[in-house]
Every structure is written in C-alpha cells, then in structure tokens.
Amino acid sequence: MGGMFDVVVVGAGVIGLTSALRLQQTGARVAVVTAEPSTETTSSVAAAVWYPTRTPFQARVLDWATRTFDEFTCQAADGAPGVVMRPTRMLLRGRASDVPWWAAALPEVRALRREEVRYPFTAGWAFTVPSVEMSRYLPWLQERFVTAGGTLIRRRIDALDQAAVWASVVVNASGLGARSLCGDAQVRPVRGQVVLVANPGLHTSVRDEDNAEGSTYVHPRSTDIVLGGSFELGQWDTTPSPATAAAILRRCTELLPELAGAPVVGHRVGLRPHRKGGVRLEADARPPGQVKRMVHNYGHGGAGVTLAWGCADAVTALVGGAALSV
Ligand SMILES: Cc1cc2nc3c(=O)[nH]c(=O)nc-3n(C[C@H](O)[C@H](O)[C@H](O)COP(=O)(O)OP(=O)(O)OC[C@H]3O[C@@H](n4cnc5c(N)ncnc54)[C@H](O)[C@@H]3O)c2cc1C
C-alpha cells in the first residue's frame, strides 16, 4: 500500500480543498477523494462571510480565524473570484456589548454610535470582513489544485483505511461524513436554510444575532442576497421548508424594509458539520489499517469558511515531512 501520491485528502469542501492546496505548496503530490462534487457540498451552500458563528473562544480558533482573515484579505486584493471585503453591521438587543473575542482578528471593530442604532436594537458593532461567493470560489480552488498537478477522484469510501490505496498519509476533511467514517458520535448536522433574493442594491451585511425568533442575517453578494438563517441541531432533511423560508423573509424584511418585494431567486439548505467540543484537528494516535499518518480536520460547524485557511496551515504542520518521507 502507499499508492501514487504523498497525501490523500478525503473531502472536497472548503476544508478539504484548502488543506490540499496548502499541502501541495510544500511540494507533496496530493489527491483529493470526494463522494460529491465540491459544488454539491455543504460548503457550496454557505453564506460564506468571515464570522465564527456559534464558535466559542479558544486560542487555536482565534489563530485559525486570524490566518484565514489575512489570507482572504490578500485574495480579495488580488481579485480572487468571488472574494470581496464587505462592510458589516452587527445589531444587538439589550445585552452588554463587551468587545467580542474575534475582534482581535480584525484590524478594526467599531462600536456603533447611538444615532446609528434604532429600536429594538440597543447597540452594535461595525466592521469589514471577507465575503465569499462559493459558486465561484470553490471551482477556482479546485482549478488551482488541478492546474498545479493535483488529482481529483470521485469516490465514496466506507472507511478511512480505504484511502491508503492512494497514499499512506491521509487527511480527513470529510465534514459530516466523519460521523460514520470515524464513528464520531459528537458530529451532528445543524441544518441551515437560506433564501436567495435579487439584490436591490444593498452593499452592507447586517446581522441581528439576538432575534428571539431566530438569528437573522442579510448578506449581499454580486447579484443576489443571502437571507438567513436557521440552526436546527440533529435535522438531516435537506428539502427547503416553505414555513422556514417565509419566517426568514419576514424577519429579514423587518430588519431591512428595503427588502420588501425583492424577487426570490432560490432556496438552499445545507447541513453544517457541528461537533460537540469543537473542531477535531489533530494527528490520529492510532491510524487505521495501512495508513501511516492520519490528520483529522473536521467539525467546523457554522464557521468552516472562517477557519479554513488557518486550519489548512495547521494540517500542513501536522503532516510535516511525513508526506514526502513515507
Ligand atoms: C446555510 C449555511 C450558511 C453558512 N454560512 C457560513 C458563513 O457565513 N461563514 C462560515 O464560515 N461558514 C458558514 N457555514 C458553514 C460552512 O458551510 C461549513 O462549516 C463548511 O462548509 C464545512 O466544510 P467541510 O469541507 O468540512 O464540509 P463539506 O463542505 O460538507 O465537505 C465534506 C466533503 O467530504 C466528502 N465526504 C464525506 N463523506 C465522504 C465519504 N464517505 N467518502 C468520500 N468523501 C466524503 C464530501 O463529499 C465533501 O466533499 C454555513 C453553512 C450553512 C449550511
């Protein structure tokens, strides 16, 4: 065993593709194995703004988020497809407005002035973060990988040791798939539904995190706007619910009345790979079967885009020289 490659990455979502690209940059021969095309992954559904949704502070998470912020900032400046810097307002209701932990990753987070906040909101933050259109960005990542000599393999595997056919160093970036591939019962879906409407000319993202009826967000893109959201733990159904869509539209229009009447152009549902205890990013102490080294990188929940490049750096450090020496 050991195959034709130095490393095989399982998964072609944003976590797998960024890991594969970083590994490739070390000179490794890399293959990506995926059950579905990247355009059909959870990553393709993401609203994909930089924001560590429902992710508590850990020093390592701040490091990943900071590295990812910096990478996207460079990519936006270089004109990477679908990546722009987006002004954002986060509106708060009644809670003390301590500076959020993730502000340390950003060059500037400003408290909204009193005249910028209207009832029912009591405070808020203004900041500018990367926003990514995944329908353009994921194909670009994949193209970069293949152009640099990477190999993409469409195959569903039933167990991680099957990946040893391609390489004896395996990176597990299988998202929700890790629940069965690793027998990790801490991994569960958090169903997320969004409504896409035509963009009547909005430029600024707006978040109403404290809405008692469900956290609410409006994320403009080049031609449409992503309206959300829903966070349904343990729900596997990927069919859009008309009732959820109607509730999202109502909350978003209350937040920004200029959305009233904007034509609906789509409904999407994705299953966030939530993991109780947070992301699993570590080398496996007991890799299975013929696998010589296994690095896990899954369980990013609602923050996979926000953490992707930093996690890819950490994966590359954990794979280390192993990729080229086994
Ligand atoms: C509505 C919604 C909005 C979101 N908004 C944001 C946001 O604004 N910002 C943000 O940071 N995050 C956001 N997220 C979260 C983000 O989408 C996820 O954290 C991220 O996509 C996870 O990426 P992943 O690569 O781990 O998983 P996935 O994209 O699910 O990719 C998993 C890959 O593993 C493969 N795989 C799984 N099992 C197997 C197997 N047995 N054999 C072979 N291949 C396998 C799959 O085919 C796929 O290629 C949002 C999610 C949703 C649903």
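Everything numeric here is computed off the predicted structure, so don't read it as measured data.

Definitions and cut-offs
- Residues numbered from 1 in each chain as written.
- Predicted model: local features only at pLDDT ≥ 70, side-chain atom pairs only at ≥ 80, totals over all residues.
- Heavy atoms only, no water.
- Helix = DSSP H or I, 4+ residues; strand = E, 2+ residues; numbered from the N terminus.
- Rg over C-alpha atoms; globule rule 2.2 N^0.38 Å.
- Buried < 20%, exposed > 50% of the residue type's maximum accessible area, 1.4 Å probe, protein only.
- Areas by Shrake-Rupley, 256 points an atom, 1.4 Å probe, with all protein chains shown as cover.
- Lys, Arg positive; Asp, Glu negative; His and termini not counted.
- Charge placed at Lys NZ, Arg CZ, Asp CG, Glu CD.
- Axes fitted to C-alpha atoms, helices over the stretch in contact; angles between N-to-C directions.
- Parallel < 35°, antiparallel > 145°, perpendicular 65-115°, else oblique.
- Left-handed = near helix turned anticlockwise from the far one by under 90°.
- Contact = heavy atoms within 4.5 Å.
- Nonpolar A, V, L, I, M, F, W, Y, C, P; charged D, E, K, R; others polar.
- Pairing = 2+ DSSP bridges.
- Near = heavy atom within 4 Å.
- Polar contact = N/O pair within 3.5 Å; in protein donor to acceptor, adjacent residues only side chain to side chain.
- Phe/Tyr/Trp six-rings, centres within 6.5 Å; stacked < 30°, edge-to-face > 60°.
- Lys NZ or Arg CZ within 6 Å of the ring centre and 35° of its normal.
- Expected span 1.5 Å × (residues − 1).
- Arc of directions from axis to C-beta.

Colleague: Got a sec to walk through the overall build of the protein chain? Specific residues and values, please.
Modeller: Each helix and strand in the protein chain was counted, giving 8 helices and 15 strands. Taken over C-alpha atoms, the radius of gyration comes to 20 Å for the protein chain, in line with the 20 Å a tight globule of 326 residues would show. If you line up the protein chain on its principal axes, its C-alpha atoms span 65 × 40 × 35 Å. Residues classed as buried in the protein chain amount to 53% of the 326 residues present. As displayed, the protein chain has an accessible area near 14,200 Å², and 51% of this comes from carbon and sulfur atoms. Both charge centroids of the protein chain, one from 33 positive and one from 28 negative side chains, sit 3 Å from each other.

Colleague: Account for the packing of helix α1 (residues 14-25) against helix α4 (residues 134-147), with residues named and values stated.
Modeller: Helix-helix packing is described using two parameters, namely the angle between the two axes and the distance between the axes. One can describe the packing of α1 onto α4 by two numbers: an axis separation of 10 Å at closest approach and a directional angle of 30 degrees. Here α1 lies roughly parallel to α4, going by the angle between them. Seen along the crossing, α1 lies across α4 with a hand that is left-handed. In contact with V14, L17, T18, A20, L21, Q24 and Q25 of α1, α4 contributes M134, L138, L141, Q142, R144 and F145. The residue makeup of the contact of α1 with α4, split by class, is 8 nonpolar, 4 polar and 1 charged.

Colleague: Describe in detail the sheet that holds strand β15 (residues 293-298), supporting the description with residues and values.
Modeller: Taken together, the 6 strands give an open sheet; going across it, the order is β6-β2-β1-β7-β15-β14, and neighbouring strands pair in mixed fashion. At either end of the open sheet lies a strand with only one pairing partner, and these are β6 (151-154) and β14 (280-283). Averaged over all adjacent pairs, the angle separating strand axes in this sheet is 20 degrees, with direction ignored. Sheet topology note: the strand β1 (residues 7-10)/strand β7 (residues 169-172) ladder contains 3 bridges and is parallel. For V9, the partnering residue across the bridge sits in β7 and is V171. Its contacts with the sheet put helix α7 (residues 304-319) on β1, β7, β14 and β15, and the angle it makes with β15 is roughly 170 degrees.

Colleague: If you had to explain the site of the ligand to someone new, which residues and values would you point to?
Modeller: If you check the shell around the ligand, you find 36 residues, and the closest are T34, S43, G301, G304 and T306. Between an oxygen atom of the ligand and a side-chain N or O atom of T34, the distance comes to 2.7 Å. Interatomic distance of 2.8 Å between a backbone N/O atom of I157 and a nitrogen atom of the ligand. When the free accessible area of the ligand is taken as 1,000 Å², the share hidden by the protein chains comes to 96%. Going through the elements one at a time, α1, α2 (42-45), β8 (187-198), β13 (264-275) and α7 are the ones with two or more residues in the shell around the ligand. The class makeup of the residues in the shell around the ligand is 16 nonpolar, 16 polar and 4 charged.

Colleague: Tell me about the packing of aromatic side chains, residues and numbers included.
Modeller: Applying the stated criterion to the full structure yields 7 aromatic pairs. With centroids separated by 5.5 Å and ring planes inclined at 85 degrees, the aromatic side chains of W50 and F69 adopt a geometry described as edge-to-face. Of this pair, W50 sits in the loop between α2 and α3 (59-78) while F69 sits in helix α3, and the two are 19 residues apart along the sequence. You'll find W50 and F69 in the same group, each marked buried. Here Y51 and W102 contribute two aromatic rings whose centre-to-centre distance is 5.3 Å and whose plane-to-plane angle is 70 degrees, an arrangement assigned as edge-to-face. In this pair, Y51 sits in the loop between α2 and α3 while W102 sits in the loop between β3 (83-92) and β4 (109-111), placing the two residues 51 residues apart along the sequence. Residues Y51 and W102 agree in their burial class; the two are buried. Grouped by ring-pair contacts, the aromatic residues W50, Y51, F69, W102 and F127 constitute a single cluster. R207 extends its terminal NZ or CZ atom over the ring of Y51, reaching a point 3.7 Å from the ring centre.

Colleague: Give a detailed account of the environment of S168, specifying residues and quantitative values.
Modeller: Position of S168 among the secondary structure elements: in the loop between β6 and β7. On the basis of relative accessibility, which here comes to 6%, the residue S168 falls in the buried class. Spatially, the C-alpha atoms of S168 and M294 are 8.3 Å apart, while their sequence positions differ by 126 residues.

Colleague: Would you mind going over the environment of T88 in detail, with residue names and values included?
Modeller: With respect to the helices and strands, T88 occurs in strand β3. With relative accessibility at 4%, the residue T88 sits in the buried group. For T88 and S19, which are 69 residues apart along the polypeptide, the C-alpha to C-alpha distance reads 28 Å. In contact with T88, not counting residues within four places along its chain, are W125, A126, F127, V129, T204, S205 and R207. For T88, the side chain forms a polar contact with the main-chain oxygen of R86, separated by 3.1 Å.

Colleague: Kindly report on helix α6 (residues 242-255), identifying the contributing residues and their values.
Modeller: The terminal C-alpha atoms of α6, which comprises 14 residues, lie 20 Å apart, in line with the 20 Å expected from a rise of 1.5 Å per residue. Among all positions in α6, only T244, A245, I248, R251, C252 and L255 are buried. Looking straight down α6, one finds its buried side chains confined to an arc of 135 degrees; they lie on one side. In α6, the exposed residues that point more than 90 degrees away from the buried face are P242, A243 and E254. Looking at the buried positions of α6, the neighbouring elements they touch are β3, β8, β9 (205-208), β10 (216-220), β11 (224-228) and β13.

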